[in-house]
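# Observations on the three-dimensional arrangement
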Amino acid sequence: MLLCLKRLQKELLALQNDPPPGMTLNEKSVQNTITQWIVDMEGAPGTLYEGEKFQLLFKFSGRYPFDSPQVMFTGENIPVHPHVYSNGHICLSILTEDWSPALSVQSVCLSIISMLSSCKEKRRPPDNSFYVRTCNKNPKKTKWWYHDDTC
């Protein structure tokens, strides 16, 4: 747990001092706990999401960074994207099986910005309705099938 806290403190400072473009740490979210963060995000210029505002929820277990954080969109505006379910769950391999302790909150944010920025058409995943009705509240408990990286 000590390693987890040291790593989170380091990453928190990095996110506060040098956030990825369009991202800012919601300072209120870390006032009471360091294991749950909200990152405010704005769609990148020149993309389908330009000017839209989103929020990412990061939850960290005591095994972080060896265990990936739980990451999902939260709040009023969930992006309409082929890899983002209407409940905020994100189908992105680095959030589960391709996680590495070398990754960070900043690298996850950059991957999500990149995923949104490369999107050519706003649409939900084809199985959105079924998934949202039947999934676990924790997206890390989903056995994702990574079969499409063309959006």
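In this report, the structure presented in the accompanying data block is examined.

Definitions and cut-offs
- Residues numbered from 1 in each chain as written.
- Predicted model: local features only at pLDDT ≥ 70, side-chain atom pairs only at ≥ 80, totals over all residues.
- Heavy atoms only, no water.
- Disulfide = S-S within 2.5 Å.
- Helix = DSSP H or I, 4+ residues; strand = E, 2+ residues; numbered from the N terminus.
- Pairing = 2+ DSSP bridges.
- Axes fitted to C-alpha atoms, helices over the stretch in contact; angles between N-to-C directions.
- Salt bridge = Lys/Arg side-chain N within 4 Å of Asp/Glu carboxyl O.
- Buried < 20%, exposed > 50% of the residue type's maximum accessible area, 1.4 Å probe, protein only.

Applying the stated criterion across every chain yields a total of zero disulfides. Free cysteine: Cys-109, not disulfide-bonded; nearest cysteine sulfur from Cys-4 at 17 Å. Lacking any disulfide linkage, Cys-135 is separated from the closest cysteine sulfur, that of Cys-91, by 12 Å.

Here the focus is unusual backbone geometry. The omega angle of the peptide bond from Tyr-64 to Pro-65 is 10°, so this bond is cis rather than trans. Mapped onto the elements of the fold, Pro-65 is located in the loop between strand E3 (53-59) and strand E4 (70-74).

Glancing now at the sheet that holds strand E2 (residues 36-42). Pairing in this open sheet of four strands is antiparallel, and the strands run E1-E2-E3-E4 from one edge to the other. Each edge of the sheet is formed by a strand with only one pairing partner; in this case those strands are strand E1 (23-25) and E4. Across the sheet, the mean angle from the axis of one strand to that of its neighbour is 25°, orientation sign disregarded. In terms of strand pairing, E3 meets E4 through five bridges, oriented antiparallel. In the strand pairing of E4, Lys-59 is matched with Gln-70.

Moving on, we get to the pattern of salt bridges. Side chains that differ in charge, positive against negative, can pair when their charged atoms come close. On inspection of all chains with the given rule, the structure shows four salt bridges. Linking Lys-122 and Glu-52 is a salt bridge whose minimum nitrogen-to-oxygen distance equals 2.3 Å. Taken as a pair, Lys-122 in the loop between helix H2 (105-117) and helix H3 (128-134) and Glu-52 in the loop between E2 and E3 lie far apart in primary sequence, 70 residues in all. Between Glu-121 and Arg-123 there is a salt bridge whose closest N-O contact spans 3.6 Å. When its relative accessible area of 49% is taken as the criterion, Glu-121 is described as partly exposed. Classification of Arg-123 by relative accessible area gives partly exposed; the value is 34%.

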